[in-house]
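# Chain and residue survey
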Amino acid sequence: MTRGLWELVLNGVWTTVQLLVLGALLATAVSFAVGIARTHRRWIVRFAAGFYTEVFRGTSALIMIFWVFFVLPLAFGWQLVPLWAGTLALGLTYGAYGAEIVRGALNAVDPAQREGGIALSFTPGQRMRKILLPQAVPEMIPPFCNLLVELLKGTALVSVMGMGDLAFSGNLVRLALQESAQIYAYILVIYFVIAFVLTRLMRALERRLKAGAGKAPLPDASVRQPVGGGVA
């Protein structure tokens, strides 16, 4: 490929990374807000959070992008730039999936921990902040890692807006060179490298959080000692 085509691909990578970071930040905020709301003691709060979750889990992220970018401008007379439209659509969609991760992790905390917080006269907010979240967050990291990788792959959907992400830029290069196999192989490798880096970073974060919560990480299978322990 020529230098200009490589620059086009690299610009696509940068756009994809921007969309991934912004979408992940919004999805994380939505996940915790809605997930915690789903454990609220008031039924109306739980109902509203559950309604949001079911709506956004039950609709396509691609159709949500169409709505945000093409339909809402007709209704309100204003239009978001593609980056922010993609961020909003993907963040709200994947945040609904993340909310179930948060809810499940919070409900998995030993009920005795909640009772201990009540015995110490903690308010609901203090129990959530000082007892429940520190124990639940480390357990959220593995499913959040999977969700983050899914979000990375979902960024390719923004190409329908003509946004120059990695998938869109790669397709332009393919059309210019008429080399489908080679170009798509490059794109696959780039997506894999980004996903691999994300996975390693999330695993490092999981080990750090578990160490901070007093939970030792599982030992690597390659260094486990056999039962009985002795050397013959």
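See the structure printed just above.
What comes next is a walk through the structure. (Residues numbered from 1 in each chain as written. Predicted model: local features only at pLDDT ≥ 70, side-chain atom pairs only at ≥ 80, totals over all residues. Heavy atoms only, no water.)

### Quick look at the side chain of Thr155
- Tracing the backbone shows Thr155 in the loop between α6 (124–154) and α7 (166–177).
- A distance of 2.5 Å separates a polar side-chain atom of Thr155 from the backbone oxygen of Leu152.
- With sequence-adjacent residues up to four places away left out, Thr155 is seen in contact with Thr16, Leu19, Leu20, Leu90, Asp165 and Tyr191. (Helix = DSSP H or I, 4+ residues; strand = E, 2+ residues; numbered from the N terminus. Polar contact = N/O pair within 3.5 Å; in protein donor to acceptor, adjacent residues only side chain to side chain. Contact = heavy atoms within 4.5 Å.)

### Side note on a nonpolar patch on the surface
- The grouping of Val189, Phe192, Val193, Phe196, Val197 and Leu201 at the surface amounts to a nonpolar patch, some 570 Å² of accessible area in total.
- Assessed through its relative accessible area of 42%, Phe196 is described here as partly exposed. (Patch = residues over 30% accessible without salt bridge, like charges linked within 9 Å, V, L, I, M, F, W, Y side chains within 5 Å. Areas by Shrake-Rupley, 256 points an atom, 1.4 Å probe, with all protein chains shown as cover. Salt bridge = Lys/Arg side-chain N within 4 Å of Asp/Glu carboxyl O. Buried < 20%, exposed > 50% of the residue type's maximum accessible area, 1.4 Å probe, protein only.)

### As for the nonpolar core
- Ranked by internal contacts, the top residues of the largest apolar core, which has 56 residues, are Leu90 and Met140.
- Those elements that place two or more of their residues in this core are α1 (3–37), α2 (43–57), α3 (61–76), α4 (82–107), α6, α7 and α8 (180–212).
- In terms of residues, this core owes the most to one element, α6, which gives 14 residues.
- Look past the residues within four positions of Met140 in its chain and what remains in contact with it is Phe32, Ile101, Val102, Ala105 and Leu133. (Core = buried A, V, L, I, M, F, W, Y, C linked by side-chain atoms within 4.5 Å.)

Keep in mind these values describe shape, not function.
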